[in-house]
Each structure stands twice: as C-alpha cells, then as structure tokens.
Amino acid sequence: MTVTVSVASLSRRSLVKGAAAGAGLFVIGAFLPFTRARAAETDGPAPGIFDPNVFLKIAPDNTVTVLCKHFEMGQGVTTGLTTLVAEELDADWAQMRFAFAPANAALYNNLLFGPVQATGGTTSMMEAWTQMRQVGAAARQMFLAAAASRWKVAPAEIRLEKGVLRHGEASATFGELAALAMTMPVPKEVELKAPGDWKLIGSRLPRLDTPAKTTGQANFALDTRRPGMLTVAVRHADRFGASVSSFDASKALKVPGVIEVRQLPSGVAVYATNSWAAMEGRKALEIGWDNTKADLRSTDELFDDYRKSMARPGLTAVERGSAANTLRQAARTLEAEFTFPYLAHAPMEPLNCTMELRPDGAEIWSGCQLQTIDQVVAAQILGFKPEQVTINTLLGGGSFGRRGNPAADWTRELAHAAKAINGRAPVHLIWTREDDIKGGFYRPMVLHRIRVGLTAGGAIWGWEHHLASKPIFTGTPFEATSVNKEGLDITSVEGVADTPYAIPDFHVVQHNVDSPAPVLWWRSIGHTHTAFVMETVIDELATIAGIDPVAFRLDLLKDDARNVAVVKLAAEQADWGKAMPKGKGRGIAFHKSFGTRVAMVAEVTVEDQAVKVERMVAAIDVGIAVNPDVLTAQIEGAIGFALSMVLRNRITLKDGMVEQSNFDDYEPTRMREMPRVEVHIVKSTQAPTGIGEPGLPPVAPAIGNAVAAAIGRHLRGLPLDLSQTT
C-alpha cells in the first residue's frame, strides 16, 4: 500500500507553465481534462498541426511509420491513427508501421486537452479524426509535388495508389521519393476524401501491434534494460496516510544482490542488481510506521460515514422541476440504496518505469499515458526544466486509468529513487502485484440512495437521487475545469446528472466525503456505478409498472433517434421477448458515455447461488466505425474486464488495511467464464467518438437485470450478491 501522494505542488498553473516552457509558448486559458471530451460532440476539437515532417517517417525500404501521439495500452489506437493517415495518403496497409511520438506537447498535444500530451477519456479517435487525415492528405500532396518536380509534369497528371506514384511508364515508391517529398512546402489547406472514396476506413484491417505481441518481440516498460541498471522495490505503508518513523536496513543489506537502501517520501527503497534481490531485501526491512494521520476505518465504518454524510446538505448537480412535490403525488414509490466498493485497476503489467539521471537532464522509459504531467513532475523533483526530461513511451500491458494518474505517483517515486543515489546508476522501479492491489488510487467506493415515483399509468413521477463518494478531480491539476466553485466534481454524478432518459422532475445531489485513500478514474470513471443504478432502477420501475423493459426505455428515449436505434438493434438481435427456461433470465441495459451509445442484452443462468453469464449481445453507435474489428474487440474486452467486477471483485479495508493482495483474492475474469459475445455496429455518417470506455457501463446492469428476470428481484449493488433480500 502506498501513502497518500500530495499533488498540491503540481498545480494547474505549474502544469500549464511547464508544458508551455517546453514548447517555448506562453499559454493563457484553460485546458480540458479527460471528461470534458464530451464537448467535442458540439464544438469539436481545436485545430491541430498536420505537418507530415512531424508525424511521419518514411524509410528507403518504403515503410511508412506514423508517430503516434497516443499511448497504446491494448485499445488499438496505434492501428486506428495509422489507418487515418494511410487512407488519405493512399498507402498500402502492408507498408504501414507505428512508433510512439516523443514527449512534446507543442507538437503532439491532445487537441481536446489543450497544451497537454495525454491519452484518456476515450478521446483519441475523436480528437485526431481530422488531424491525422490531414497529415495523410498533406503528405500525399507533397509526394505528388515531388514526383511532378522529378518528372516535369503537372501533379494532376500523376496517379497514386497503394504507395506507388505513376505517370505513363514512370513510377516511384514513397521510399524513393521521401527525401525530396519532405522538402516540399507543407500545404496550408488540404482536401479530404469523401466517405464514398474510402478504401481503408471502415475495413477490418489487421492490428499493427499484434504480430510483435504474439511473437514476444514487443517492448513493454518491464522489458527495459540499461547498462549498470539497479532494480528498485519500495516498501509502502500498510495504511493510507501513514509514514515512516524509523527503519533498520541491516538485514536487507545482507541479502545477496542488495546494493543500497534509502528512504523516499513514499516509503523505503531497496536497490539491487535484480528484481528478486530487491523484493527479498524489501521483505527483510524492519520499519516503524507513524499512523498519526492514517485512516483506521474498515469498509463498513466508511459506508456508515457515507450514510451520515447524506444527512447533511449536499451539492446540487441537477434541479429540474420539483421532484419532492411530485413524489408526494405519486401513486407508487420505489426507494433503494446501492453500494459500490473500491476497485483496483489491476493491469496485467504492474506499474514500472526506468530512469537514467544525468547532470544535464533525465531520460525515462515508461508505459506513459500522461507524458506532459510525468515530464513536469520529474522535472520539478530533479530540478530540471520539463524539456530536459526525455520520455520514451513504450507499450503498456493494460492501464484502465491507472497509468494516467495526475499525481504521477509512480513517476514521482522513480524520480526520487534516482535522485536519492545522485543518478550514479540507471534505476528500474518495479511494483509487484501486491503493490498494485494494495497501492490505492482506486475507483472510489460510492453510496447511492434513490426515491422515484410512478403514476398509476406507469410514468415516472419525480426522481430524487443522492450520491456519496470521494471526488476524483479535487486537488489535481484538472480541478479548475472539472470541479465547480461549490466543490461538485462532475465525474461523481456523470451518468445520472446527464442521463439520456426524459425525467421531468429530477433532483440529483452529491455528498463529498474524504479519506486518505487516494482515488482515481477507472475505466469509464463515474459511469462504472451510475449506469448500474440508473439501469437497475429503470428496469425495476418497468417491472412495477407492468411494462416491457425495452418499451419502457424506448418511451423515455423517444426524443433521440440514435438512442432508440441502439436499443432496438440490441433487443432485436438478442431475440428479446422470447421465453427463457426456469432459472435463466434475459436483461437489457442502455447507457451513453463519452458520446457513444451502447445497449447490451445479457442472458444468464442462476443455479446453486451462482451466476453464469451465457450470452452478451451488444449494439453500439460510435459514429463512423474506423475499424469494426477493433470496435468488436473493445466490447469483448470490456465485457471480460467487467465480469470480475460484477461477480466478485472488491477492495475492502479492515482497520485501515487493504485485505486483498493478489489474483487469488482479487481474481480477474477467467476464460471459462467468458460468455458468447455478439457485437452489432450501427452504421453512421457522424464523426467518430470512441469505444475504449463506453463498452463497460452497460455490462453490469444488463447482467443484473437478467439475474432479476431469473430470480424475481433486483440486486442493489456490486458485486452481485444473491443473498441480498432488498
């Protein structure tokens, strides 16, 4: 477990100034964090540079490498961005490659985040959709100009197809013309292809990262080796908020391979010649802990405090109509409480990174999701300017939000570890699975209380909704644009406050709670719990009203044709209305997040107090489907990732200490548990949104509603507990 990481020193001002300093710019105004990406639905991203010299490397062997500004953690973004470039360039897919762009926010910023290079919030395709096509189109014009110059003909007379330029008997490849082409003037404006002319966009192209991952040739951060490198393992406190009061390293230093032991702000670090020696040396440490500021509460006590917080005034997120007055007139009311535990991200590759510290700067090798923040944090600790910190972004073995931490806890720890030995050797910081599971920065634990009324005819007649949780963005560099002046973090209530359902009298209140346990976005952020509550309640209201759950939803969604189409498609493909045998159930859920609409139908078997998910049918509307195969894989992956959350996983505390430690008691989904998955993509001409996160929210409520159909009652909270009676 790690102690709480303070981010007070990394203010929004210092982040923007740091990014600007590295770019030689003076920046005025706000930038947008992950969750503000939804603004792109109406405003679109800011314009971006599209100089091919910045984004492309074309080799004499005719390979075209796209420098991807976004981090690949399994979501397929490197294939997606490369597709956009290749389409407009008229390249052959077989010649396309990718590499990660260097850390340079002036060139590779996320157009929805401002002067920040970062990946997250399902923004990658949304923000780069136009820019990367412009890169390809600009490069195409420059190649045509180069060929025209060499052959002394007009560019319009030259044909370009699958990476080969032709005019009469003359022909040349990109590789042959690259040196000349990249000296041509970069067009100030480019004309993009009409959708009817697309050859690659919309095709099921093979992923570019699959071969190297399959053969073991792919380089992840954990594969990094530097000459003379020392491996560092840090012993963190068992309680959040605790700190080191004393330590004895004598036994640790006797472990073969252990070189040194140093105290860091986050704990006690053991430096060794290999990972095993570092971990064994860490075990041998004798540490005294100061628990003065530690949280000693257990999970049940925390939930009791959450309930007490609801007795106090909260922060109004939505006040539409008069829910209280309307509820007094309701023919029937439903009251319910939902609980959600802390959740660890548990990516398959635990956190790790490497640094070489030199007198004039530092170099980092990392699965880096927030390059600008990591750069600024490391620079602050080491006394450098951000541009003196070079970041080599490598493939990430999963993230689900953990590698995109605004506190930069593991990069911060790495910088302190390198600084503590004055950079005399490269250091590779490793976290074990236990460090990861016990290390905090969890999906917040959350309490929901709702009271909803119905008319005699089954219409919703007033909805009061209270939530209690620790806000994610408060105290981070993103606070200014995610937390209002009253202290409301919109990610705490997203999925409720912005529900697509037409609810006339609607009152949503957030109650902020605090604890030393650090929290962080977790795949789909607030939607991880709000979707379950909204869809469970909607389903239960339909049951009370005696109305088919699909028909009930369609009536509430009727003002948005895209919402309706997704729900109808999922229901049709899942044989909605077909009778299920005893002990089996079918349930539906719909949710809109990050601009993407997803409906899912689950089929389950409930037997011997156990739930077996047999089939999942998904319908998705992501706008233009750049690569349907990647979209399908992301839905399949979201279901696989979410199943363990639905069926069993939770992080619990006892006397302030995390009870779970590894995959034996925080078990990921196993292959034997995977259901049959069917994915249906709505055809669209709208600009693409994204799919990395939106596939997760409907999974739990679809399964929960299917369980309710099988056992005759809805369960209120996750993981699903069949012993629950109310």
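Residues numbered from 1 in each chain as written. Predicted model: local features only at pLDDT ≥ 70, side-chain atom pairs only at ≥ 80, totals over all residues. Heavy atoms only, no water.

### As for the side chain of Ser515
Here Ser515 is to be found in the loop between strand 20 (506–512) and helix 16 (527–545). Taking the relative accessible area as the measure of exposure, Ser515 reaches 10% and is therefore buried. A polar contact is formed between the side chain of Ser515 and the backbone nitrogen of Ala517, at a distance of 3.0 Å. Discounting residues that sit within four places of it in the chain, Ser515 has contacts with Asp295, Arg297, Tyr342 and Lys470. (Helix = DSSP H or I, 4+ residues; strand = E, 2+ residues; numbered from the N terminus. Buried < 20%, exposed > 50% of the residue type's maximum accessible area, 1.4 Å probe, protein only. Polar contact = N/O pair within 3.5 Å; in protein donor to acceptor, adjacent residues only side chain to side chain. Contact = heavy atoms within 4.5 Å.)

### Topic: helix 9 (residues 299–309)
Of the residues making up helix 9, those classed as buried are Thr299, Leu302, Phe303, Tyr306 and Ser309. What you see down the axis of helix 9 is that its buried residues fit within an arc of 110 degrees, all on one side. Facing away from the buried side of helix 9, by more than 90 degrees, are the exposed residues Asp300 and Lys308. Contacts made by the buried residues of helix 9 are with strand 13 (332–340), strand 18 (446–454), strand 19 (460–469), strand 20 and strand 24 (653–654). (Arc of directions from axis to C-beta.)

### Some words on a negative patch on the surface
Among the surface-exposed residues, Asp300, Glu301, Asp655 and Glu659 lie close enough to one another that they form a single negatively charged patch. With respect to the helices, strands and loops of the structure, Glu659 is situated in the loop between strand 25 (657–658) and strand 26 (676–681). (Patch = residues over 30% accessible without salt bridge, like charges linked within 9 Å, V, L, I, M, F, W, Y side chains within 5 Å. Areas by Shrake-Rupley, 256 points an atom, 1.4 Å probe, with all protein chains shown as cover. Salt bridge = Lys/Arg side-chain N within 4 Å of Asp/Glu carboxyl O. Lys, Arg positive; Asp, Glu negative; His and termini not counted. Charge placed at Lys NZ, Arg CZ, Asp CG, Glu CD.)

### Some thoughts on the environment of Phe506
Relative to the helices and strands, Phe506 resides in strand 20. The sequence separation of Phe506 and Ser322 amounts to 184 residues, and the corresponding C-alpha distance is 7.0 Å. The residues touching Phe506, leaving out its near neighbours within four places in the chain, are Val318, Glu319, Arg320, Ala323, Trp463, Val496, Ala497 and Thr499.

### A word on the nonpolar core
Among the nonpolar cores identified, the biggest contains 156 residues, and Tyr271, Tyr342, Met355, Ile460, Trp463 and Ile703 are the most heavily contacted of them. A total of 9 residues in this core trace back to one element, the largest contributor, which is helix 19 (residues 628–647). Those residues in contact with Trp463 that sit more than four places away from it in its chain are Ala323, Ile450, Arg451, Val452, Ile503, Asp505, Phe506, His507, Met534, Val537, Ile538 and Leu541. One finds Leu89, Ala101, Met125 and Leu177 within the second-largest nonpolar core, a separate group that totals 53 residues. (Core = buried A, V, L, I, M, F, W, Y, C linked by side-chain atoms within 4.5 Å.)

### Things to note about empty space enclosed by the protein
As enumerated under the stated definition, the model contains 1 cavity of 30 Å³ or more in all. When its volume is computed, the largest cavity comes out at roughly 70 Å³. Lining the largest cavity, in full, are Arg443, Pro444, Val446, Ser469, Lys470, Ile472, Thr491, Ser492, Ile525, Gly526 and His529. For the lining of the largest cavity, a count of residues per class yields 4 nonpolar, 5 polar and 2 charged. (1 Å grid on protein atoms, 1.4 Å probe; cavity = no way out; pocket = protein on both sides within 12 Å on 5 of 7 lines; lining within 4 Å. Points joined across faces, edges and corners; volume = space filled by probe spheres on them. Nonpolar A, V, L, I, M, F, W, Y, C, P; charged D, E, K, R; others polar.)

### Notes on the confidence of the model for the protein chain
Per-chain confidence: the protein chain averages 93 in pLDDT, with 94% of residues scoring 70 or above. Note on residues 1–40: pLDDT under 50 across the span, and 115 contacts to partners over four residues away in sequence or across chains. (pLDDT = per-residue confidence, 0-100.)

### Digging into the pairing of strand 22 (residues 596–607)
For strand 22, the buried fraction is high: 11 of the 12 residues fall into the buried class. Where strand 21 (residues 584–593) and strand 22 come together, 10 bridges link them in antiparallel fashion. Note on strand 22: the bridge partner recorded for Ser593 is Thr596. Hairpin connection between strand 21 and strand 22: a loop of 2 residues separates the two successive antiparallel strands, and Phe594 in this loop has a positive phi of roughly 55 degrees. Connecting strand 22 to the next strand, strand 23 (residues 610–621), in antiparallel fashion are 2 residues, including Asp608 with a positive phi near 55 degrees. (Pairing = 2+ DSSP bridges.)

### What about the packing of helix 19 against helix 20 (residues 699–711)?
Running from N to C, helix 19 and helix 20 cross one another at 60 degrees; their axes reach a closest spacing of 9 Å. For the element pair helix 19 / helix 20, the angle class is oblique. Our pair here, helix 19 against helix 20, has a crossing hand that is right-handed. Contact residues: helix 19 offers Ala638, Ile639, Ala642, Leu643, Met645 and Val646, while helix 20 offers Val699, Ala700 and Ile703. Residue composition of the contact of helix 19 with helix 20, grouped by class: 9 nonpolar, no polar and no charged. (Axes fitted to C-alpha atoms, helices over the stretch in contact; angles between N-to-C directions. Parallel < 35°, antiparallel > 145°, perpendicular 65-115°, else oblique. Left-handed = near helix turned anticlockwise from the far one by under 90°.)

### With respect to the sheet that holds strand 7 (residues 230–235)
Here we have 7 strands laid out as an open sheet, ordered 9-10-7-17-14-15-16, and mixed in their pairing. Each having just a single partner strand, strand 9 (258–264) and strand 16 (389–393) make up the two edges of the open sheet. The mean inter-strand angle of the sheet, taken between neighbouring strand axes irrespective of direction, is 25 degrees. With 5 bridges connecting them, strand 15 (residues 361–366) and strand 16 associate as parallel partners. Residue pairing for strand 16: Ala362 is matched across the bridge by Val389. Sheet strands in contact with helix 11 (residues 371–382) are strand 14 (352–358), strand 15 and strand 16, and its direction is about 140 degrees off that of strand 16. Where helix 12 (residues 409–420) meets the sheet, it contacts strand 7, strand 9, strand 10 (267–272), strand 14, strand 15 and strand 17 (427–430), and its direction lies at approximately 40 degrees from that of strand 14.

### Topic: the packing of helix 11 against helix 12
Taken N-terminus to C-terminus, the directions of helix 11 and helix 12 make an angle of 30 degrees; their axes are 9 Å apart at the nearest point. With respect to helix 12, the axis of helix 11 lies roughly parallel. Once helix 11 is placed against helix 12, the crossing between them reads as right-handed. Contacts from Asp374, Val377, Ala378, Ile381 and Leu382 of helix 11 reach helix 12 at Thr411, Arg412, Ala415, His416 and Lys419.

### Things to note about the packing of aromatic side chains
One pass over the structure, following the stated rule, counts 15 aromatic pairs. Consider the rings of Phe240 and Tyr442, whose centres lie 6.1 Å apart with planes at 85 degrees: the pair is edge-to-face. Linking Phe240 in the loop between strand 7 and strand 8 (243–248) with Tyr442 in the loop between helix 13 (433–438) and strand 18, this pair joins segments that are 202 residues apart in sequence. What makes Tyr442 buried here is its relative accessible area of 0%. (Phe/Tyr/Trp six-rings, centres within 6.5 Å; stacked < 30°, edge-to-face > 60°.)

### So, the pairing of strand 14
Within strand 14, 6 of the 7 residues are buried, which leaves the element mostly enclosed by the surrounding structure. Relative to strand 17, strand 14 runs antiparallel, the two sharing 4 bridges. In the strand pairing of strand 17, Met355 is matched with Val427. Of the pairings in the sheet, the one linking strand 14 to strand 15 comprises 6 bridges and is antiparallel in character. Directly across from Thr354, in strand 15, lies its bridge partner Trp365. Between the antiparallel neighbours strand 14 and strand 15 lie 2 residues.

### Considering the pattern of salt bridges
Under the definition given, this model contains 42 salt bridges. In this structure, the salt-bridge partner of Glu286 is Lys251, at a minimum N-O distance of 2.8 Å. Taken together, the residues Glu286 in strand 11 (residues 286–290) and Lys251 in the loop between strand 8 and strand 9 connect sequence positions 35 residues apart. You can call Glu286 partly exposed: its relative accessible area is 37%. The exposure class of Lys251 is partly exposed, given its relative accessible area of 48%. The residue Glu603 makes a salt bridge to Arg586 at a minimum N-O spacing of 3.2 Å. Pair noted here: Glu603 is in strand 22 and Arg586 is in strand 21, with a separation of 17 residues, a long-range link. Counted as one network, the salt bridges with shared partners bring together Asp575, Arg586, Glu603, Arg615 and Glu678.

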